[in-house]
Amino acid sequence: MRTASWNTLPEELQLVLSREALRRAAETLAEHADMLAEEMERGTLTDRGGPDALRLFAAVVRATNDDAFGPVGHA
């Protein structure tokens with residue numbers, strides 16, 4: 001089996017793959033922020049005013065991600 005090198009992929013495909021990777025990374029950050037907020041609320045982690053800030057961060061990441069990249073495949 002032959003694997004493609006990034007540089008041999010068409011530019012449009014590189015863009016689609018890059019945007020999807022960024023979208024997934026942003027969603028991962030938002031999910032982790034939500035999880036941390038829940039842990040703080042349960043008392044598992046020390047709450048230093050973080051749950052609301054983390055949820056705000058998660059919302060901003062999601063909103064920015066949606067506005068900046070749009071749906072995959074529509075480059």
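Higher on the page you've got the structure.
Residues numbered from 1 in each chain as written. Predicted model: local features only at pLDDT ≥ 70, side-chain atom pairs only at ≥ 80, totals over all residues. Heavy atoms only, no water.

Q: How should the overall build of the protein be read in this particular structure?
A: A tally of helices and strands in the protein yields two helices and zero strands. In the protein, once contacts between residues fewer than 6 apart in sequence are set aside, the share between residues at least 24 apart is 52%. Of the roughly 5800 Å² that the protein leaves accessible, carbon and sulfur atoms contribute 57%. (Helix = DSSP H or I, 4+ residues; strand = E, 2+ residues; numbered from the N terminus. Contact = heavy atoms within 4.5 Å. Areas by Shrake-Rupley, 256 points an atom, 1.4 Å probe, with all protein chains shown as cover.)

Q: Can you help me understand helix α1 (residues 11–42) in this one?
A: Working note: α-helix, 3.6 residues per turn, so residues spaced by three or four point in the same direction. Taking 1.5 Å of rise per residue, the 32 residues of α1 would be expected to cover 46 Å, and the 47 Å separating its terminal C-alpha atoms lies within 8% of that figure. What α1 keeps buried is the set Q14, E20, A26, A30, A33, A37 and M40. Following α1 by one or two positions, G43 adopts a phi angle in the positive range, close to 90 degrees. (Expected span 1.5 Å × (residues − 1). Buried < 20%, exposed > 50% of the residue type's maximum accessible area, 1.4 Å probe, protein only.)

Q: What's the story with a nonpolar patch on the surface in this structure? I'm lost.
A: Together, W6, L13 and L17 make up an exposed nonpolar region whose accessible area comes to about 270 Å². Here L17 is to be found in helix α1. For L17, a relative accessible area of 38% puts it in the partly exposed group. (Patch = residues over 30% accessible without salt bridge, like charges linked within 9 Å, V, L, I, M, F, W, Y side chains within 5 Å. Salt bridge = Lys/Arg side-chain N within 4 Å of Asp/Glu carboxyl O.)

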